[in-house]
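# A closer look at the structure
Each chain, written out:
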Amino acid sequence: MSEIKVTVSRANFATWFKDTSIMENNDGVVTISVPNGFAKEWLENKYHKFILKSVRGFSPEVRSIQYIIRAPIPQRPATTATKQATVLLTSLPAKNIIQTTQLGFKEFEVDPLTNLNPKYTFNTFIVGSFNDLAHAAALAVLSDLGKVYNPLFIYGGVGLGKTHLLQAIGNSVLKQDKTKKVRYITSERFSNELVNSLQQNTISTFKEKYRDCNLLIIDDVQFFSGKAKTQEEFFYTFNTLYEAGNQIVFSSDRPPKSIHDIEERLRSRLEAGIIIDISEPEYESRLAILQSKVKEKNIDLSQDSLEVIASLVQTNIRELEGALNMIHMQSQCLNKTLSVEEIKVILSKNIRPRTSITQNQIIKLVAEYYDIPDRSIFDRTRKTEIVLPRQVAMYLIREDLQGSFPTIGEKFGGRDHTTAMHAYEKIKNEVKKNSKLEEDVRIIRQRYQNK
Ligand code: ADP
Ligand code: MG
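Cut-off values and rules
Residues numbered from 1 in each chain as written. Chains lettered and ligands numbered in written order. Predicted model: local features only at pLDDT ≥ 70, side-chain atom pairs only at ≥ 80, totals over all residues. Heavy atoms only, no water. Buried < 20%, exposed > 50% of the residue type's maximum accessible area, 1.4 Å probe, protein only. Helix = DSSP H or I, 4+ residues; strand = E, 2+ residues; numbered from the N terminus. Pairing = 2+ DSSP bridges. Polar contact = N/O pair within 3.5 Å; in protein donor to acceptor, adjacent residues only side chain to side chain. Phe/Tyr/Trp six-rings, centres within 6.5 Å; stacked < 30°, edge-to-face > 60°. Lys NZ or Arg CZ within 6 Å of the ring centre and 35° of its normal. Near = heavy atom within 4 Å. Nonpolar A, V, L, I, M, F, W, Y, C, P; charged D, E, K, R; others polar. Domains from an automatic or database assignment. pLDDT = per-residue confidence, 0-100. Contact = heavy atoms within 4.5 Å. Axes fitted to C-alpha atoms, helices over the stretch in contact; angles between N-to-C directions. Left-handed = near helix turned anticlockwise from the far one by under 90°. Salt bridge = Lys/Arg side-chain N within 4 Å of Asp/Glu carboxyl O.

## Comments concerning the pairing of strand β2 (residues 29-34)
Most of β2 is tucked away: 5 of the 6 residues are buried. Note that β2 and strand β3 (residues 64-69) share 6 bridges and pair parallel. Bridge pairing in β3 links Val34 to Ile69.

In structure tokens form, the structure reads like this:
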């Protein structure tokens, strides 16, 4: 559980440091201003140790940290669509101020009608070899809505830009023609709204809302898994939209064939158009993304520094942003530009090496992926739904952690080393022939980074 918390904290780093600034360092007591009580609670309860550690990494004399709420001061009057809540804390008490500028985040308002956040645009979406196909498909969809690829299905690991791309499509459609009806929704929210509308007898309103769109965007569709009622309703929504020539766009963390507990008829709908994956950005793309983010957020960092960050943070774009913010925060805290060496120190303390996965974590990930309880992987059973995950876990432990066959056998319920060897060989051969299994293994490996 604590591992998950740590993971989530890092992934959400950028979110929680939005509109946050270090106001002063008064005899070792650092004051951080936060935009609201909610953020204060989160930082105090979940990130306090992490913040203290980061700050102390560079200012060892810091004894404690306190958080105060300061409403963000809009730079210019809020407009209906975009409220810029960039805070510029320029008139702060003079004594011992270590930094007074805000971390450089802009907050935009989500439009309640479409659920779109105007900050996600194609202008800020960097294209590299890791996402160029997905980007091209998105543009093709825009060129003739409902006619080119319908549905468009984008999948990939966490923090790789799925939501950004999907929302950019929505925003772009509305920019071209604001009379178009566009809706963005996560599969989980769709499901919750459906449940609510059933309870409140408003199902017809619900139906109309989602069946009357020119573009319906469903984010993280893998969460339809196991929700029979939602799947049924969505199946009809899909058909209505599709038959009327309206566009549907999906994202998921895996391809349709790997989504469990989903009705075949719905799976076939998900597969009916084009399926494209976004992979992890390679070095050049990571550097390009960093260059664009420093410009966007007005952060002053040298090319050398950006190169170091791009080479050390290899996982995903959300983590790249998190690392950038962390470095920016520390440089504000010290009121100086950090050297490349200093940046290396910060990153080495805060980023997870890609190889830090443990055997138990692999087992957990595999069980999670195949949607079986962790412990059942050790069961002495020949049921396929358990045998396959067990063999995959053995294979990954051997392949990625160089576990010995006897220890693997022992770990999986005191089995003989030949059992482990057999499992390893079997999966090794199978992944070469079976594209679904290959995909499963690839997705599980991608998730190592989030443990
Ligand atoms: P996902 O939905 O795949 O988990 P997000 O779309 O939420 O990922 O992206 C995570 C963060 O990275 C967001 O802040 C997003 O704006 C940023 N991001 C993702 N892809 C790109 C890109 N290609 N160029 C610039 N920023 C990106
Ligand atoms: Mg997303």
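Alright, that's what it looks like, and here's the rest.
## Some details on the side chain of Asn150
Structurally, Asn150 is set in the loop between α4 (132-143) and β4 (152-156). With relative accessibility at 9%, the residue Asn150 sits in the buried group. A polar side-chain atom of Asn150 sits 2.8 Å from the main-chain carbonyl oxygen of Asn246. From its side chain, Asn150 meets the backbone nitrogen of Ile248 in a polar contact 2.9 Å long.

## Quick notes on the packing of aromatic side chains
Under the definition given, this model contains 16 aromatic pairs. Note on Phe190 and Phe234: the rings are 5.6 Å apart at their centroids and 90 degrees apart in plane angle, and the pair reads as edge-to-face. Here Phe190 is found in helix α6 (residues 187-199), whereas its partner Phe234 is found in helix α8 (residues 228-243), with 44 residues between them in sequence. By relative accessible area, Phe190 is classed as buried at 0%. Both rings, one in Tyr395 and one in Tyr424, keep their centres 5.7 Å apart while their planes meet at 25 degrees; by these two values the pair is stacked. Placement of Tyr395 in helix α15 (residues 384-401) and of Tyr424 in helix α17 (residues 417-433) is noted, with a sequence separation of 29 residues between them. Each member of the pair, Tyr395 as well as Tyr424, carries the same accessibility label: buried. The rings of Phe153, Phe190, Phe206, Tyr210, Phe224, Phe234, Phe238, Tyr242 and Phe250 are connected pair by pair, giving a single aromatic cluster. Positioned above the aromatic ring of Phe235 is the side chain of Arg265, whose terminal nitrogen or guanidinium carbon lies 3.9 Å from the ring centre.

## Structural notes on the site of ligand 1
Inspection of the region around ligand 1 gives 17 residues, with Ile126, Gly159, His164, Lys293 and Glu321 positioned closest. One of the side-chain N or O atoms of Thr163 is found 2.8 Å from an oxygen atom in ligand 1. At the level of secondary structure, the elements contributing two or more residues to the shell around ligand 1 comprise α5 (162-176) and α12 (317-334). By residue class, the composition of the shell around ligand 1 is 6 nonpolar, 7 polar and 4 charged. Two domains share the shell around ligand 1, each providing at least three of its residues, namely domain 2 (132-278) and domain 3 (283-348).

## Brief notes about the confidence of the model for the chain
Overall, the predicted model of the chain reaches an average pLDDT of 83, with 81% of residues at or above 70. Contacts of residues 1-11 to residues separated by more than four positions or lying in other chains number 12 contacts, the stretch itself having pLDDT below 50. The low-confidence segment residues 73-106, where pLDDT is below 50, has 81 contacts with residues more than four positions distant or belonging to other chains.

## Quick look at the pairing of strand β7 (residues 247-252)
With respect to burial, β7 is a largely interior element, 6 of its 6 residues being buried. Burial of the side chains of β7 extends over both faces: Gln247, Val249 and Ser251 are buried on one face and Ile248, Phe250 and Ser252 on the other. Relative to β7, β4 runs parallel, the two sharing 4 bridges. Note that in β7 the partner of Ile154 across the bridge is Ser251. Across 4 bridges, strand β6 (residues 215-219) lies against β7 in parallel orientation.

## Notes on the packing of helix α14 (residues 359-369) against α15
In the contact formed by α14 and α15, the axes pass within 9 Å of each other and the chain directions differ by 145 degrees. Every pair of crossing elements has a handedness; the one defined by α14 and α15 is right-handed. Taking contact as the criterion, the partners of Gln359, Ile362, Ile363 and Val366 in α14 are, on α15, Pro389, Val392, Ala393, Leu396, Ile397 and Leu401. Residues that form the contact of α14 with α15 fall into these classes: 9 nonpolar, 1 polar and no charged.

## Quick notes on the side chain of Gln231
Relative to the assigned elements, Gln231 resides in helix α8. Here the side chain of Gln231 touches Asp261 through a polar contact of 2.8 Å, landing on its backbone oxygen. Filtering out sequence-adjacent residues up to four positions away, Gln231 remains in contact with Phe224, Ser225, Gly226, Asp261, Ile262, Glu263 and Leu266.

## Brief notes about the pattern of salt bridges
Summed over all chains, the structure comprises 17 salt bridges. Between Lys436 and Asp440 there is a salt bridge, and its shortest N-O distance comes to 3.0 Å. Highlighted residues: Lys436 and Asp440, both in helix α18 (residues 435-446), separated by 4 residues, approximately one helical turn. The exposure class assigned to Lys436 is partly exposed, which follows from its relative accessible area of 28%. Here the residues in one salt-bridge network are Arg189, Glu193 and Lys209, joined through shared partners.

## With respect to the sheet that holds strand β8 (residues 274-278)
If you walk across this open sheet you meet the 5 strands as β5-β6-β7-β4-β8, and the pairing is parallel. The sheet terminates laterally at β5 (182-186) and β8, the two strands that pair on one side only. Taking each pair of neighbouring strands and ignoring which way they run, the sheet shows an average axis angle of 15 degrees. Note: β4 against β8, 5 bridges, orientation parallel. Paired with Ile154 across the strands is Ile276, a residue of β8. α6 rests against β5 and β6 of the sheet, and its axis sits at about 95 degrees to β5. α8 contacts β6 and β7 of the sheet and is inclined by roughly 140 degrees relative to β7.

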